[in-house]
Amino acid sequence: MKPFAYLRAASVAEAVRESAARPGARFLGGGTNLVDLMKLGVESPGLLIDVSRLPLDRVTDTADGGLRIGATVRNSDLAAHPAVRTRYPALSQALLAGASGQLRNTATTGGNLLQRTRCPYFQDTSKPCNKREPGSGCPAREGAHRDLAVIGHSTECVATHPSDMAVALAALDAVVLLYGPDGERTVAVTEFHRLPGDDPSADTVIRPDEMITEVVLPPLPEGTVSLYRKARDRASFAFALASVAAVLRVREGRIEHAALAFGGLAHRPWRARTAEEALRGAPAGDAVYLSAVDAELAAARPLRDNAFKVTLARHLAVDALAALTTRA
Amino acid sequence: MEPTSRGRSGEGEGRAAGDRSTLTLNINGTDHTLTLDHRTTVLDTLRLHLGLTGAKKGCDHGQCGACTVLVDGRRANSCLLLAVAQDGARITTVEGLAADDRLHPLQEAFLERDALQCGYCTPGQICSGIGVLGEAQDGFPSHATAPTAPVTGPVALDAAEIRERMSGNLCRCGAYPRIVEAIGDVAS
Amino acid sequence: MTGVARYAAERNLPGCLYAWPVPATVPRGRVAAIRTADALALPGVHAVLTHENAPRTREPDDPILAVLQNDRVPHRGWQVALVVADTLEGARAGAEALDITYETAAHDAVLTADHDGLYTPETANGGYPAVRERGDVDRAFAAAPVQVDATYTIGPLHNHPMEPHATTALWSQDGRLTLYDSSQGATKVRDSLATVFGLRPDQVTVVSQHVGGGFGSKGTPRPQAVLAAMAALHTGRPVELAMPRRHMAAVVGHRAPTVQRVRLGASSDGTLTSVAHEISTHTSTVKEFVEQAAVPARVMYGSAHSRTVHRVAALDVPSPSWMRAPGEAPGMYALESAMDELASALGLDPVELRLRNDPAAEPDSGKPFSSRNLAACLRDGAARFGWNDRDPRPAVRREGPLLLGTGVAAATYPVYAAASHASAHAAPDGSYRIAVNATDIGTGARTVLAQIAAHVLETPVENVTVDIGDSDLPDAPLAGGSSGTASWGWSVHKAATALVERLGESSGPLPAAGVTVTADTTDETAEESPHARHAFGAHFAEVAVDSRTGEVRVRRMLGVFAAGHILNSRTGRSQFIGGMTMGLGMALTESSSLDPVFGDFTESDLASYHVPACADVTGLEAYWIDEDDPHLNPMGSKGIGEIGIVGAAAALGNAFHHATGVRLRTLPLAPDRVLSALR
């Protein structure tokens, strides 16, 4: 780890200004991923701008019945928030399925969205990685990729996004508020994370010196139910092999609204638009769910050792929808 | 349940020139003002600068829980906390749990249940266990909490809850069953 | 408990420097050049040790200790430099600032069952002959009416004790070396380091008072002990070196992968007529270590015809070493899985199959067993577990998406004991002090040794103080091979007995200095026993297999062990449960692989190498049958530290088969394999 300067920002505007003034600066939230990566030499900022004490630590109702989540709200606080538990259970469950109690107490909402991949080659600076060092190559395609992407990957990168929380946010149509040198803008969570394409170095569409200030959840109509399911290598404290966040509203046996997002499959939380299209207006039932999910996963291009993820994702999604149907 | 402000006594203007800062940490009730390299973690501050080696370094990456301490009453992996960012924080380590030479009830329970073997993960287990007791009391749910459970009020800590909540603390000796029992003893 | 116990990297010595090792980043080759100027220019960096400037050492007893002596890179992760600085941050930054170039050579890191490099060594670990053959196994197998021919595969596994390997080293003005080392045996570390640095053993002191687990990986000194001592010599300051977790897999040893072919031939009543167990494994080019996985087949079941063979290939990989029950743990996974397959083929209850093949004498040696209570363990375990009501049909128990099943497997572990010294001291105030350089790696050695002494001295245990963990104490063997308590306890027993005699010889008050006697068990432990001496056990397990996610979780595991006289039920139970937990990891969660391209372990941290977490461990119970075996040692004990892992993975694998009807022969039973198998 190289020496770095440290600044505790007094305001969002100051944080952004200082970042713009100092190339190589990074915002520090909980630090659970950034400090980890600094120790690995993957990140080596010259300046850390500590934004963890900015007054962005509130969860408040929006006027239209949605929820506004400050970027520095800790994962455990967000998971425990009564409004999240009652109105957006998929989000609470996703948070609680991730990491450990200690990490959730420290990690922030904004930082969780900005987590970087757990690809073993990305984490090892002695090896090539197009994400870490553009143009150096991707050994994972032929190497260790059992835990990596099956859909939406490119020849340049097969990394997966590790967050559970982001998967739920994607299914819940959350919006990210960003503040940067050019002011404020909003990006849907589903558009926030990128596919690798020919430039895997950027995980997200965040611009230089922009910071996440809030995440906003839109209201869900009466009768909407949601949940999060995750499969992993041990019973707790492990990243997802695959996961699904499902949101469903059924009226008189017909699917009025369905949103599905997969974790562990792709470079970003994979919002299953094709499946949703097939589900909308269709009669609720296992056969419909299976064909809709299969339509989505037809686009999967598993690698040598991770085809099981496609099966796993299919089962998780179909079962999640079936479980929600009994509640809807 | 509303998140509390993270404002702290040590909060002040944050500009720090160079790569070192002077900061104050309240450790086990005593203020320590230190000038530290920004790279220094809370764990290394405790172990190398203050001689408090109770918090252990098992992985240094937040993957084992041996370094768990309580920060402002909540458990955290001290290996991932930069000391400079914790200026003003109130930190409790395993050395600070006993009061007036009386062990904390959870320390007593660990002894009673023989909930340790090599002892290296134990300080982290105990600090984490104390965090778990507080979190359950404060109504924080876990992955093991039924989605239909009430969203306010304390969570009852049965064995499944304890196992899930303690999964951030690895024990290679396999003392888990007794650790769960010890925490259960204090919870009930 | 209160944080006061000091481990090896917690000495806070005045003037202490911190060292950060630098692993090679090529899988094979040589260091062409190391540019150290940038690192040395960093504030606080005191030294960079490389093969060019490190102290020259003598040839070590273990080649892994020959660090920084030449430019050779035998495998990725081999340490090629050490940066020493006045802060940990500085040392790490110095390591990052080194500019190292390599000449690389072609490498081969992947073991296959038919690897060209496989050869038959003379011996396997433990000194066992690599090959043993009895009768005509091929003919007997061919003639057997019921046959099982199956191949089982286990990848590399890592010990990962919670305390990383660590050493604090300092030299005195008169050339004495003191090491605070996280080790399983300070006498062994002292002797090895004395050899390496050309010192007499009495010029070296090794302290291992508190050790955060080892599971074999700290059985003998590891490179960090030599590196720390070199750095302290080079700088003239105390030096602390705690291994970064991610570096460990490459330099502290691992359980070697095995490909095991088992062929069992049986008559239709289940009597085994032939047992063949042939294993392939890897070692490094640094040294030959052969996981003795076929050895338990020489002990377990009677059969007229038998062949047990080890073959090994020296690959460009990190050196394997001991991991809890080397040989027995992987070997019994294969043998006990094959026994389950045989039971299925016969339509015979797997407990009954084992009972029918329980021999009176050790099959390989023909020696009678000093005690063998496998049958009692099986029967007792079956009763406790509720095995006797079991429906043998596979894949018929469902709870929603979960498939439930139960399985059984046997366990065995040899009885070892090594020569040990101890002293016993009686003080005028009526208290006693025992000194023996034993190590407590989490086994409760202090407690049990005090108990042994108190028993002989006929005094309350509180009246006995035990000093361990320091090589200036009477020499003792390491905590390994489940032999610590037997070896140390024997010498403590002998010293305490001699002290009782001595005290009986004189009357009146003790001299002010008290009375001290010493004991040495070299003669007793060297005696060849006419008996085959082993501990045995039986595991019963229930698993739930999620047919939709492929997740396999333990519902309960129950072990019954026959391991001589259990000296302390509290710590004994913890040893059994701990072993079973590691067996759970071996079966279900722990997976490591060698990267063919880069030559290192892909799973190098605790986020990717999944040791069982608290949530994985449910319903574990351990029981034992107290044996009265007069052919062991004065305490009548067998080792208990390792047998808990032996057979545990097989019981879980067999339960998986009972749950699903599918036989998986590769560990771990992780979702990728399970989902593929259940399709």
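Identification of chain B as 2Fe-2S iron-sulfur cluster-binding protein from Streptomyces poriferorum is taken from an unreviewed UniProt entry.

Asks: An account of the overall build of chain B is needed here, citing residue identities and associated values.
Replies: A count of helical and extended segments in chain B gives five helices and six strands. On C-alpha atoms alone, chain B measures out to a radius of gyration of 17 Å, which is about the 16 Å that the 2.2 N^0.38 rule sets for 188 residues. Structurally, chain B occupies a C-alpha span of about 50 × 40 × 35 Å along its principal axes. Counting every position in chain B, which comprises 188 residues, the buried fraction comes to 63%. Relative to all contacts within chain B whose residues are 6 or more apart in sequence, the contacts with residues 24 or more apart total 55%. Entry remark: accessible area of chain B is about 6600 Å², with carbon and sulfur atoms responsible for 48%. Separation of charge centres in chain B, based on 17 positive and 23 negative side chains, amounts to 5 Å.

Asks: Please give an account of the sheet that holds strand S11 (residues 254–263) of chain A that cites residues and values.
Replies: Residues and elements named next belong to chain A. Judged by pairing direction, the sheet is antiparallel, and its four strands sit side by side in the order S9-S10-S11-S12 without closing on themselves. Two strands lie at the open edges of the sheet, namely strand S9 (225–231) and strand S12 (270–271), each paired on one side alone. Judged from the two bridges that link them, S11 and S12 form a sheet pairing that is antiparallel. In the sheet register, Ala261 faces S12, and the bridge partner there is Arg271.

Asks: Please give an account of the nonpolar core that cites residues and values.
Replies: Phe110(B), Leu264(C), Leu342(C) and Met557(C) are the most contacted members of the largest nonpolar core, which totals 132 residues. Of the residues forming this core, the biggest block, 10 residues, is contributed by helix H7 (residues 328–346) of chain C. The residues contacting Leu264(C), other than those within four sequence positions of it, are Phe141(C), Val146(C), Gln147(C), Val148(C), Leu272(C), Ser274(C), Val275(C), Leu335(C), Ala338(C), Met339(C) and Leu342(C). The next biggest cluster of nonpolar side chains, apart from the first, holds 63 residues, and it includes Leu17(C), Val31(C), Tyr102(C) and Val286(C).

Asks: Can you tell me about the interface of chain B and chain C, naming the residues and giving the values?
Replies: Taken together, the 46 residues of chain B in the interface contact 52 residues of chain C. Sorting the residues of chain B by area buried against chain C places Leu48(B), Arg172(B) and Tyr176(B) first, and these three jointly supply 21% of that buried surface. On the surface where chain B and chain C come into contact, there are four salt bridges. Between Arg172(B) and Glu590(C) there is a salt bridge, with the nearest N and O atoms lying 2.7 Å from each other. Where chain B touches chain C, the interface holds 23 residue pairs in polar contact (both at pLDDT 80 or more). Only helix H1 (42–49), helix H2 (105–113), helix H3 (122–137), helix H4 (159–165) and helix H5 (176–187) of chain B provide two or more residues apiece to the side of chain B that touches chain C. It is H2(B) that contributes the most residues to the side of chain B that touches chain C, five residues altogether.

Asks: Just give me the short version of the interface of chain B and chain A, but keep the residues and values in it.
Replies: Interface size is commonly expressed as the accessible area that is lost once the parts come together. Taken residue by residue, the interface counts 56 residues in chain B and 48 residues in chain A. Of the roughly 4400 Å² buried between chain B and chain A, counting both surfaces, carbon and sulfur atoms make up 51%. Applying the counting rule to chain B against chain A returns two salt bridges. For Arg74(B), the salt bridge is made with Asp77(A), and the minimal N-O distance between the two is 3.0 Å. Where chain B meets chain A, there are 20 residue pairs in polar contact (both at pLDDT 80 or more).

Asks: I'd like a description of the pairing of strand S1 (residues 17–23) of chain C, backed by residues and values.
Replies: Residue and element names in this part refer to chain C. Of all seven residues making up S1, six are buried, and the element is well covered by its neighbours. Strand direction decides the pairing type here: S1 and strand S14 (residues 239–242), joined by two bridges, are parallel. Pairing of Leu17 across the sheet is with Val239, part of S14. Two elements, S1 and strand S5 (residues 79–85), share six bridges in a ladder whose sense is antiparallel. Bridging from a neighbouring strand, Pro21 pairs with Leu82 of S5.

Asks: Help me get a handle on the environment of Arg234(A), residues and values and all.
Replies: In this structure, Arg234(A) sits in the loop between S9 and strand S10 (242–251). Looking at Arg234(A), the relative accessible area reads 1%, which means it is buried. In contact with Arg234(A), other than residues within four places in its own chain, are Leu170(B), Arg553(C), Thr589(C), Leu606(C), His610(C), Val611(C), Ala613(C) and Asp616(C).

Asks: Tell me about the pattern of salt bridges, and name the residues and values.
Replies: The tally for this structure, following the rule as stated, stands at 74 salt bridges over all chains. Across the pair Arg307(C) and Asp138(C) runs a salt bridge, and its minimum N-O distance is 2.9 Å. Here Arg307(C) is found in strand S17 (residues 305–315), whereas its partner Asp138(C) is found in helix H3 (residues 137–143), with 169 residues between them in sequence. Taking the relative accessible area as the measure of exposure, Asp138(C) reaches 38% and is therefore partly exposed. One salt bridge in this structure joins Arg555(C) and Glu399(C), with 2.9 Å as the shortest N-O distance. Taken together, the positions of Arg555(C) in strand S25 (residues 552–562) and Glu399(C) in strand S18 (residues 398–399) put the pair 156 residues apart, joining distant regions of the chain. What makes Glu399(C) partly exposed here is its relative accessible area of 41%. In this structure, a network of salt bridges that share partners links the residues Arg26(A), Glu43(A), Arg116(A), Lys131(A) and Asp203(A).

Asks: An account of the domain arrangement of chain B is needed here, citing residue identities and associated values.
Replies: All names here are of chain B. Each domain of chain B was delimited in the assignment, giving domain 1 (20–96) and domain 2 (105–187). For domain 1 versus domain 2, the distance between C-alpha centres works out to 22 Å. Tallying the contact residues gives 17 residues for domain 1 and 15 residues for domain 2. Surface buried jointly by domain 1 and domain 2 totals about 1200 Å² across both partners, of which 56% is contributed by carbon and sulfur atoms. Looking only at domain 1, the three residues that lose the most surface to domain 2 are Lys56, Arg75 and Val94, adding up to 45% of its buried area. Our enumeration of links across domain 1 and domain 2 arrives at one salt bridge.

Asks: So what's going on with the packing of H7(C) against helix H14 (residues 648–660) of chain C? Residues and values would help.
Replies: Residues and elements named next belong to chain C. Following both chains from N to C, one finds H7 and H14 inclined at 35°, their axes separated by 8 Å at the closest point. The hand of the H7/H14 crossing is right-handed. Of H14, the residues touching H7 (which contributes Met332, Tyr333, Glu336, Ser337, Asp340 and Ser344) are Ala649, Ala650, Asn654 and His657.

Asks: Which residues make up the packing of aromatic side chains, and what values do they have?
Replies: The description of an aromatic ring pair uses the distance of the two centres, along with the angle that the planes make with each other. In the structure shown here, the tally under the stated rule is 11 aromatic pairs over all chains. Relative to Tyr7(C), the ring of Tyr120(B) has its centre 5.0 Å away and its plane inclined at 80°; by these criteria the two rings are edge-to-face. In this pair, Tyr120(B) sits in the loop between H2 and H3 while Tyr7(C) sits in the segment before S1, so the two residues belong to two different chains. Of the two residues, Tyr120(B) and Tyr7(C), both sit in the buried class.

Asks: Which residues make up the domain arrangement of chain C, and what values go with them?
Replies: All names here are of chain C. Domain annotation for chain C reports domain 1 (327–415 + 533–679) and domain 2 (421–526). The centre of domain 1, based on its C-alpha atoms, is set 36 Å off from the matching centre of domain 2. Each partner contributes residues to the interface: domain 1 has 14 residues there, and domain 2 has 15 residues. Summed over both sides, the interface between domain 1 and domain 2 buries roughly 1100 Å², with carbon and sulfur atoms accounting for 59% of that surface. Considering only the surface of domain 1 that becomes buried against domain 2, Leu567, Pro634 and Met635 emerge as the three largest contributors, covering 40% of it. Where domain 1 packs against domain 2, one counts zero salt bridges. Inspection of the region where domain 1 meets domain 2 yields five residue pairs in polar contact (both at pLDDT 80 or more). Class assignment for the residues of the side of domain 1 that touches domain 2 results in six nonpolar, seven polar and one charged.

Cut-offs used in this document
- Residues numbered from 1 in each chain as written.
- Chains lettered and ligands numbered in written order.
- Predicted model: local features only at pLDDT ≥ 70, side-chain atom pairs only at ≥ 80, totals over all residues.
- Heavy atoms only, no water.
- Helix = DSSP H or I, 4+ residues; strand = E, 2+ residues; numbered from the N terminus.
- Rg over C-alpha atoms; globule rule 2.2 N^0.38 Å.
- Buried < 20%, exposed > 50% of the residue type's maximum accessible area, 1.4 Å probe, protein only.
- Contact = heavy atoms within 4.5 Å.
- Areas by Shrake-Rupley, 256 points an atom, 1.4 Å probe, with all protein chains shown as cover.
- Lys, Arg positive; Asp, Glu negative; His and termini not counted.
- Charge placed at Lys NZ, Arg CZ, Asp CG, Glu CD.
- Pairing = 2+ DSSP bridges.
- Core = buried A, V, L, I, M, F, W, Y, C linked by side-chain atoms within 4.5 Å.
- Buried area = accessible area lost by both parts, 1.4 Å probe.
- Salt bridge = Lys/Arg side-chain N within 4 Å of Asp/Glu carboxyl O.
- Polar contact = N/O pair within 3.5 Å; in protein donor to acceptor, adjacent residues only side chain to side chain.
- Domains from an automatic or database assignment.
- Axes fitted to C-alpha atoms, helices over the stretch in contact; angles between N-to-C directions.
- Left-handed = near helix turned anticlockwise from the far one by under 90°.
- Phe/Tyr/Trp six-rings, centres within 6.5 Å; stacked < 30°, edge-to-face > 60°.
- Nonpolar A, V, L, I, M, F, W, Y, C, P; charged D, E, K, R; others polar.

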